[in-house]
Amino acid sequence: MPRPDTFNEGLESFTNYKERLDAFFVANDIAEQKQTATLLSSIGAKTYNTLRCLTSPDLPFSKSYEELCKLLSNHYCPPPLEIVERFKFHKRSQAMDESLPDFLASIKRLAEHCKFGDNLKMSLRDRFVCGIRDETIQKRLLQEPNLTLESATALALAMETAQRDAAEIHTTTSGKSTADLNIIKTNQPLPTNRRHNSQTYPPCQSCGKNNHRRADCYLRDAVCKSCNKQGHIQRVCQARKGSQQQRRGGDRTSQSRQVHELDEDNVSEDNFTLEMFHMEGNTPKIKVDLQINNIPTKMEVDTGSAVSVMTKRDFTKTFKTFPNLEKTAVRLKTYTGETIIPLGKISVHVELNNQKKILPLLILDKGSNPILGRNWLAAIKLNWQSIHQMTTPKDRFNTEKLKAQFQDIFSDGIGKIKGIEAILHLKEGAVPKFHKARPVPYALKQKVEKELDNLEEQGIITKIATSDWATPIVPVLKSNGTVRICGDFKVTVNPALNTEQYTMPKMEDMLATLEQGQTFSKIDLRQAYLQLPLDSASQKVTTINTSKGLYSFNRLAFGISSSPAIWQKTIDTILQEHPEFNETKMT
């Protein structure tokens, strides 16, 4: 028998190569003393150089066959980690185009280094059942009370074969040609029985599939829409592929667009339905002006519609004539499930922003406005920036004018509630507590100092020289990268406070209030507590100790145990004092 090929680590593991070499020894009755020489003369120059380094300073020929195999195995196939191998095993599921026998062989190969021991078959059964992609087969296996690996494999393979054979019988008996269907495939995976056939052939030169001979292909007399030659469709046109390869070099934008191109020839025997979504509401419709057959036409952009359509009435009104339509087997389905059968289709010349295309247009008996669907959107580009531009019926919004008119709203500072002050009530005999400033992480030090300067500049805190109370700060990093200065008042003021109690509103009560509302609005109170002033006595109690010295809070601080109740009470007081903010209007 001929000796094995040279070892190639890219094609097989050394363990597999050693198994083939051992079989070669047995088949040719090679004695043990000649096995080393046979190995060295068979592994190839690259592997021999590696082995020469592994045995240095000795020559490989001075080692025994088993010693050399052990060196090469440790080098090319180091022992895998059991945890990692089990992770790969339990994560493995059946791939989209993978058959059940291939999937079973794959998990058996992954289980080789998992060291399952006596639980090997049980682990293989569990992974096989849980990893099957077809839910029908999976549910059937889960119904078996005493399922083993052998019974699961036999039942699953039988069901897969039955599905495949039923699909072939259905395809053979239907005999319907769908070459002229203008369809858009959904993103649902194809059923297993559509993807695997009981027998494969070389790719058909007429349609590209491998489940039949070209002599039996129903598209063998089709005319290609790319090269206008008879005998194949556009999907397998060699002239079209050549032009695509030439464009593929530098035009990445074209590549992205071709993925979404609609190709009437790129269809299969599967029956797909088109989902056309059209919703009426208060949202303004997006319409574009384009040229269809050199006539200005206004169409509504609808990305939920798979195709572009126009009613017979609108077509006759716009173009004054009604041409002969091509027959089409396309069936449209509305969002509510109603089926619409088009009268036919027509190819029209479309021009928009110096873009000229010949695109299919479906003609309907009844309907609303002409709709520009996804098949046209894939072929022509719209100026989305101008479409989404914020405009009024008369003119664009003048944002600078709005900012100037409402400066107090657009200012960056923190607001201040007028006429109300928060009061902190200390327990009788409360003893002041003074804590040193805590060290601030170097990564936050600059941000903390900047925030202290910002609060001092807005009058929220005031720097002081001495105080009986001193609370260390806790900087809280916010999502925008800045910090919020909070005091750790639980070690100083909070235990000494008579915490104010106030009933907080429940979500159920708030929703009940909103039930009869007609107009709804939202207010974003940025750093709300800091908008409520403190009385002078309470300001001394809320002194904080920082790396820059002592500061007293002039506003209600975060971290005070009474802050939530005081704030809610303040809001309710404002609503009661201002009747224009009654419950009806607030909703």
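Structure first, text after, so check above.
Read on for an overview of the structure. (Residues numbered from 1 in each chain as written. Predicted model: local features only at pLDDT ≥ 70, side-chain atom pairs only at ≥ 80, totals over all residues. Heavy atoms only, no water.)

Some remarks on the pattern of salt bridges
Inclusion rule: Any carboxyl oxygen of Asp or Glu within 4 Å of a side-chain nitrogen of Lys or Arg constitutes a salt bridge here. Between buried and exposed lies partly exposed: a residue is buried under 20% and exposed over 50% of the maximum accessible area for its type, with that area taken using a 1.4 Å probe on protein chains only.
For the structure on display, the rule yields 13 salt bridges. Note that K63 is salt-bridged to D58, the shortest N-O span being 3.5 Å. Overall, K63 belongs to the partly exposed group, its relative accessible area being 26%. Among the ionic pairs, K569 bridges to E500, the shortest N-O distance being 3.5 Å.

What about unusual backbone geometry?
To be explicit about the condition: Secondary structure counts use DSSP, requiring at least four H or I residues in a row for a helix and at least two E residues in a row for a strand, with both numbered from the N terminus.
Cis geometry is found at the peptide bond from S56 to P57, where omega equals 10°. Relative to the assigned elements, P57 resides in the loop between α3 (45-55) and α4 (65-76). Phi at K320 takes a positive value of approximately 65°, unusual for a residue other than glycine. Here K320 shows up in the loop between α13 (312-319) and β5 (332-333). Judged by its relative accessible area of 66%, K320 is exposed. Backbone geometry places N354, a non-glycine residue, at a positive phi of 65°. Along the chain, N354 turns up in the loop between β7 (344-352) and β8 (355-364).

As for the state of the cysteines
The criterion, for reference: Two cysteine sulfurs form what is called a disulfide whenever their separation falls within 2.5 Å.
For the coordinates displayed, the defined rule picks out zero disulfides. C227 forms no disulfide, and the closest cysteine sulfur to it belongs to C237, at a distance of 3.8 Å. For C227, a relative accessible area of 22% puts it in the partly exposed group.

Digging into the environment of V493
This is how it is decided: By the convention used here, residues are in contact when the closest approach between their heavy atoms is within 4.5 Å.
For V493, the position within the fold is in the loop between β12 (483-487) and α19 (507-514). The exposure class assigned to V493 is buried, which follows from its relative accessible area of 0%. The sequence separation of V493 and I560 amounts to 67 residues, and the corresponding C-alpha distance is 7.6 Å. Discounting residues that sit within four places of it in the chain, V493 has contacts with W469, T471 and V541.

Quick word on the sheet that holds strand β11 (residues 471-477)
Formally: Here, any two strands with at least 2 DSSP bridges between them count as paired. Between N-to-C directions, angles cover 0 to 180 degrees, with each direction set by a line fitted to C-alpha atoms, over the stretch in contact for helices.
Reading across the sheet, the five strands line up as β10-β14-β13-β11-β12 and stay open at both edges, with mixed pairing between neighbours. Here the strands that pair on one side only, and so sit at the sheet edges, are β10 (461-464) and β12. Strand-to-strand twist of the sheet, defined as the mean angle between neighbouring strand axes without regard to direction, takes the value 40°. Examined bridge by bridge, strand β13 (residues 544-546) and strand β14 (residues 549-553) share three bridges and lie antiparallel to one another. Counterpart to I544 in the pairing with β14 is Y551. Seen against the sheet, helix α18 (residues 442-457) touches β10, β11, β12, β13 and β14 and runs at an angle of roughly 75° to β12.

Considering the pairing of β11
Here β11 pairs with β13 via two bridges, running parallel. Considered in β13, the bridge of T471 is made with I544. From the end of β11 to the start of β12, which pair antiparallel, there are five residues, and G481 there has a positive phi angle of about 95°.

Examining the side chain of E85
The residue E85 is located in helix α5 (residues 82-91) in this model. Overall, the relative accessible area of 11% leaves E85 in the buried class. Among all residues touching E85, those that are not within four sequence positions of it are P80, L110, H113 and C114.

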